[in-house]
Amino acid sequence: MDDGFLMEVCVDSVESAVNAERGGAGRIELCAGLVEGGTTPSMGLLQVVKQCVRVPVFVMIRPRGGDFLYSDREVEVMKADIRLAKLHGADGLVFGALTEDGRIDTELCTALLAVCRPLPVTFHRAFDMVHDPLVALETLISLGFERVLTSGCDSSALEGLSLIKRLAEQVMSSAWCLTSGLFPPGGGITERNLQRILEGSTASEFHCSARSARDSGMKFRNPNVAMGASFSAPEYSIKVADVAKVRTLNAIAKNIL
């Protein structure tokens, strides 16, 4: 935060983590399954990433894609993953949980926060699926989350900018801003819209993936077989954090803040 802002880059591989740090990221959000919005990474991935980068690594705790209404067994998985992530060097954790009527699941969040401590915790973009974001934010403040990641309950942070600004104003008017007060916008952030988002939100952090497609090194390719569902990424194209894109976003932020 020496320059007055912090860029968090969302990654799903060691290569992306290294590239994010090289490009100037101040923190990494480590995930698997980015095509589903991010799920819990393997502990092997966490271990190797921690060996390769020096910036803080926050670990996504999300047992599956889809909604954020979790069964008792999924909750046990989340608790086990939190304990393992702490054991293997996570610097912070990222999760979110909702009730069936689109409110913050305060009981579950309280239980998971207790397992996470003393590490800092981010409430992820489950926030963008809540029934009333202003009420939800007050709930998260009272529960003790250090930050909330949001696209302003819209398809991207740019489209949700007006709500992000309202939420940031709400944070600044609360006692929360005296201790953390971090409300990073995330979702669809690129070098083309970052300036508008940062100037419009007065954010001190932002969240992005900054990825580019890289062709696979495979020489033999079978065009008749796909490893995932029809919406999955193609097998012979790999998306990784792009050092140049991270540096560009970093430079834009430095010029603004």
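No experiment lies behind these values; they were computed from the predicted model shown. (Residues numbered from 1 in each chain as written. Predicted model: local features only at pLDDT ≥ 70, side-chain atom pairs only at ≥ 80, totals over all residues. Heavy atoms only, no water.)

Asker: Break down the environment of Ala-253 for me, citing the residues and quoting the values.
Answerer: Note that Ala-253 resides in helix α8 (residues 243-256). Residue Ala-253 is classed as buried on the basis of its relative accessible area, which comes to 0%. Residues Ala-253 and Arg-211, 42 residues apart in the sequence, show an inter-C-alpha distance of 18 Å. (Helix = DSSP H or I, 4+ residues; strand = E, 2+ residues; numbered from the N terminus. Buried < 20%, exposed > 50% of the residue type's maximum accessible area, 1.4 Å probe, protein only.)

Asker: Break down the environment of Glu-74 for me, with residues and values.
Answerer: Structurally, Glu-74 is set in helix α3 (residues 72-87). With 41 residues separating them in the primary sequence, Glu-74 and Val-115 have C-alpha atoms 15 Å apart. Among residues more than four places away in sequence, those in contact with Glu-74 are Pro-63, Arg-64 and Leu-69. In this structure the side chain of Glu-74 is engaged in a polar contact, spanning 2.5 Å, whose partner is the side chain of Arg-64. (Contact = heavy atoms within 4.5 Å. Polar contact = N/O pair within 3.5 Å; in protein donor to acceptor, adjacent residues only side chain to side chain.)

Asker: Mind laying out the sheet that holds strand β2 (residues 27-30), listing which residues take part and the relevant values?
Answerer: Within the open sheet, the 7 strands sit side by side as β6-β5-β4-β3-β2-β1-β7. Their pairing is parallel. Edge positions in the open sheet fall to β6 (147-148) and β7 (205-208), since each of these has one partner strand only. When β2 meets strand β3 (residues 57-60), the two strands line up parallel, connected through 3 bridges. From the neighbouring strand, Ile-28 faces β3, where its bridge partner is Val-57. Along the sheet, helix α1 (residues 14-23) makes contact with β1 (6-11) and β2, crossing β1 at roughly 165°. (Pairing = 2+ DSSP bridges. Axes fitted to C-alpha atoms, helices over the stretch in contact; angles between N-to-C directions.)

Asker: Explain the pattern of salt bridges to me, using residue names and the numbers behind them.
Answerer: One pass over the structure, following the stated rule, counts 11 salt bridges. For Glu-205, the salt bridge identified is with Arg-147, shortest N-O distance 3.5 Å. Separated by 58 residues along the polypeptide, Glu-205 in strand β7 and Arg-147 in strand β6 bring together distant segments of the chain. Via salt bridges that share partners, Glu-8, Arg-27, Arg-147 and Glu-205 belong to a single interconnected network. (Salt bridge = Lys/Arg side-chain N within 4 Å of Asp/Glu carboxyl O.)

Asker: Describe α3, naming the residues involved and giving the relevant values.
Answerer: The terminal C-alpha atoms of α3 lie 23 Å apart, and with 16 residues this matches the ideal 22 Å at 1.5 Å per residue to within 8%. The inward-facing, buried residues of α3 contact α2 (43-52), β3, β4 (92-95) and α4 (106-116). Just past α3, the residue Gly-89 takes up positive phi, approximately 100°. (Expected span 1.5 Å × (residues − 1).)

Asker: Lay out the packing of aromatic side chains with the relevant residues and their values.
Answerer: Enumeration according to the criterion identifies 2 aromatic pairs in this entry. With centroids separated by 5.4 Å and ring planes inclined at 65°, the aromatic side chains of Phe-95 and Phe-145 adopt a geometry described as edge-to-face. Here Phe-95 is found in strand β4, whereas its partner Phe-145 is found in the loop between α5 (133-143) and β6, with 50 residues between them in sequence. By relative accessible area, Phe-95 is classed as buried at 0%. (Phe/Tyr/Trp six-rings, centres within 6.5 Å; stacked < 30°, edge-to-face > 60°.)

Asker: Could you give me a rundown of the side chain of Asp-105, with the residues and numbers involved?
Answerer: Relative to the assigned elements, Asp-105 resides in the loop between β4 and α4. This buried residue, Asp-105, is left without a salt bridge; Arg-64 holds the nearest opposite charge, at 10 Å. (Lys, Arg positive; Asp, Glu negative; His and termini not counted.)

Asker: Describe the nonpolar core, listing the residues and the values that go with them.
Answerer: Counting residues in each nonpolar core, the largest one holds 67 residues, and the members touching the most others are Val-9, Leu-93, Phe-95, Phe-123 and Phe-206. Sorting elements by how many residues they give to this core places α4 first, with 6 residues. Filtering out sequence-adjacent residues up to four positions away, Leu-93 remains in contact with Phe-58, Val-59, Ile-61, Ile-82, Ala-85, Lys-86, Cys-116, Leu-119, Pro-120, Val-121 and Thr-122. Counting residues in hydrophobic clusters, the runner-up holds 6 residues, among them Cys-31, Leu-34, Phe-58 and Met-60. (Core = buried A, V, L, I, M, F, W, Y, C linked by side-chain atoms within 4.5 Å.)

Asker: Explain the environment of Thr-99 residue by residue, including any values.
Answerer: When you line up the elements, Thr-99 lands in the loop between β4 and α4. A relative accessible area of 26% places Thr-99 in the partly exposed class. Sequence-wise, Thr-99 and Lys-79 are 20 residues apart; in three dimensions their C-alpha atoms are separated by 18 Å. Those residues in contact with Thr-99 that sit more than four places away from it in its chain are Leu-69, Ile-104 and Asp-105.

Asker: How would you explain the state of the cysteines if you had to name every residue and give the values?
Answerer: As enumerated under the stated definition, the model contains 0 disulfides in all. Unpaired in this structure, Cys-116 has its nearest cysteine sulfur neighbour in Cys-109, at a distance of 9.7 Å. With no disulfide of its own, Cys-153 lies closest to Cys-109 among cysteine sulfurs, the gap being 15 Å. (Disulfide = S-S within 2.5 Å.)

Asker: Break down the side chain of Glu-205 for me, with residues and values.
Answerer: With a relative accessible area of 3%, Glu-205 lands in the buried category. In this structure the side chain of Glu-205 is engaged in a polar contact, spanning 2.6 Å, whose partner is the side chain of Arg-27.

Geometric descriptors of this kind do not, in isolation, establish any biological role.
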